[in-house]
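Okay, here's what each chain looks like letter by letter:
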Amino acid sequence: MSMATAAERTAKLQASIEAQAKKLAELKAKKAKMDARGRSKEKADERRKETRRLVLLGAFLKSRMDASEDAKSKTLAGLDNFLKRPEERALFGDFVTLRASCLCQGIALEIGGEIRDMLFCHCSMCRKAHGTAFRARGRVRTTDLRWVRGEDLMRFYESSPGERRGFCSVCGSNIFTKFDAKPQELGFALGILDDDPGNRPLFHVFAGSKAPWYEISDSLPQYETVPPAYAPPVAKPEDD
Ligand SMILES: [Zn+2]
Ligand SMILES: [Zn+2]
């Protein structure tokens, strides 16, 4: 191999390396631009993937565990606690399913998401509708509701303009209330839940209308009527 050829080869190699380095720098710049654009979405996707993996792993363990009853219940409790975290519920509604059913079992449904703003309502309409001292309700996104069976058994009573209380036409169980003014949300009767929703009621509303034969004995805040943020959506305030 002659010196000239070796020098030529080195120069050629050098040029090739420089060209590739330039190309790499361009690609890096391009990628940085794309990254900046996609970073927040990417982060959310990553988090979703990560939790999905955990959920699937949990389901796998649930199905395959041959461990002692004690170890099994510990693992299941850990998984359930994880899934009850509001942030996991918000992200993984598809995986987090709460079951609910009516007294006659003709109606069964699932809620794939968080039940928010849980409260006890002592208003006279809720007392009559439920035949008891108060109604326990929470907010459910309409899109989180999945019918298992019995949608045809539902009947609705319009107790206030635009507020339709849904119940099972066979057994009378209160199921959920629909609001004409806010169709994306349901007022869900907590009593029909078959699973623990994780969240807990925050306070009592319409405590001023409570049954005289019932004393509220817990330490939750009590409101005479209802804080505006938690009031059921109404079509027009002047309808009241
Ligand atoms: Zn029923
Ligand atoms: Zn009420």
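Each remark here, short or long, concerns the structure printed above.
Residues numbered from 1 in each chain as written. Chains lettered and ligands numbered in written order. Predicted model: local features only at pLDDT ≥ 70, side-chain atom pairs only at ≥ 80, totals over all residues. Heavy atoms only, no water.

*Asks:* Honestly, the nonpolar core in this entry has me stumped. Any pointers?
*Replies:* Generally speaking, a soluble globular protein has its nonpolar side chains buried in company with each other. The biggest cluster of nonpolar side chains holds 22 residues, and the ones touching the most others in it are Leu109 and Phe188. Setting aside residues up to four positions removed in sequence, Leu109 forms contacts with Leu98, Arg99, Ala100, Leu145, Arg146, Trp147, Val148, Ile175, Phe176 and Phe188. The next biggest cluster of nonpolar side chains, apart from the first, holds 7 residues, and it includes Cys123, Phe203, Val205 and Val226. (Core = buried A, V, L, I, M, F, W, Y, C linked by side-chain atoms within 4.5 Å. Buried < 20%, exposed > 50% of the residue type's maximum accessible area, 1.4 Å probe, protein only. Contact = heavy atoms within 4.5 Å.)

*Asks:* Mind showing me how you'd approach the sheet that holds strand S5 (residues 145–149) here?
*Replies:* Note on sheets: strands pair through backbone hydrogen bonds, and any given pair is parallel or antiparallel. Across the sheet, 3 strands lie side by side as S1-S2-S5; this open sheet has antiparallel pairing. Each edge of the sheet is formed by a strand with only one pairing partner; in this case those strands are strand S1 (98–101) and S5. The average undirected angle you get between the axes of adjacent strands in this sheet is 25°. Bridge count between S1 and strand S2 (residues 108–111): 4 bridges; the pairing is antiparallel. Residue Ala100 lies in a different strand from S2, and its bridge partner there is Leu109. (Pairing = 2+ DSSP bridges. Helix = DSSP H or I, 4+ residues; strand = E, 2+ residues; numbered from the N terminus. Axes fitted to C-alpha atoms, helices over the stretch in contact; angles between N-to-C directions.)

*Asks:* Got a minute to help me understand the coordination of the zinc ion (ligand 2) in this structure?
*Replies:* A four-donor tetrahedral metal ideally has 109.5 degree angles, and a six-donor octahedral metal ideally has angles of 90 or 180 degrees. Bound to the zinc ion (ligand 2) on the protein side are Cys121 (SG), Cys123 (SG) and Cys126 (SG), at distances that span 2.2 to 2.3 Å. If you list the donors of the zinc ion (ligand 2) from N- to C-terminus, the spacing comes out as C-x1-C-x2-C. The residues Cys121 and Cys126 share a single accessibility class, namely buried. (Donors = N, O, S within 2.8 Å, 3.2 Å for Na, K, Ca; no water.)

*Asks:* Any chance you could explain the sheet that holds strand S7 (residues 163–168) here in plain terms?
*Replies:* Here 7 strands make up an open sheet; going across it, the order is S6-S7-S8-S9-S4-S3-S10 and the pairing mixed. Both outer strands of the open sheet, strand S6 (154–160) and strand S10 (203–205), are each paired with one neighbouring strand and no more. The mean angle between the axes of side-by-side strands here comes to 30°, regardless of whether they run parallel or antiparallel. Alignment of strand S8 (residues 174–179) against strand S9 (residues 185–189), held across 3 bridges, turns out to be antiparallel. Counted as the bridge partner of Lys178 is Leu186 from S9.

*Asks:* Would you mind showing me how to read the coordination of the zinc ion (ligand 1) here?
*Replies:* Only Cys102 (SG), Cys104 (SG), Cys168 (SG) and Cys171 (SG) from the protein coordinate the zinc ion (ligand 1), and they sit 2.2 to 2.3 Å from it. Its 4 donor atoms give the zinc ion (ligand 1) angles of 101 to 115° at the centre, a pattern that matches the tetrahedral case. Coordination of the zinc ion (ligand 1) draws on donor residues from a single chain, spaced C-x1-C-x63-C-x2-C in sequence. On the basis of relative accessibility, which here comes to 1%, the residue Cys168 falls in the buried class. (Tetrahedral: all angles 85-135°; square planar, octahedral: opposite > 155°, others 65-115°.)

*Asks:* Whenever I open this one, the pairing of strand S4 (residues 135–141) confuses me. Can you help?
*Replies:* Note on strand geometry: in a regular strand, side chains alternate between the two faces of the sheet. Across the 7 residues that make up S4, a large majority, 6, are buried. Direction of pairing for strand S3 (residues 116–121) relative to S4: antiparallel, over a ladder of 4 bridges. Bridging across to S4, Cys121 finds its partner in Arg135. In this structure, S4 lies alongside S9, joined through 5 bridges in antiparallel fashion. In the sheet register, Arg139 faces S9, and the bridge partner there is Gly187.

Nothing here speaks to function; it is all geometry.
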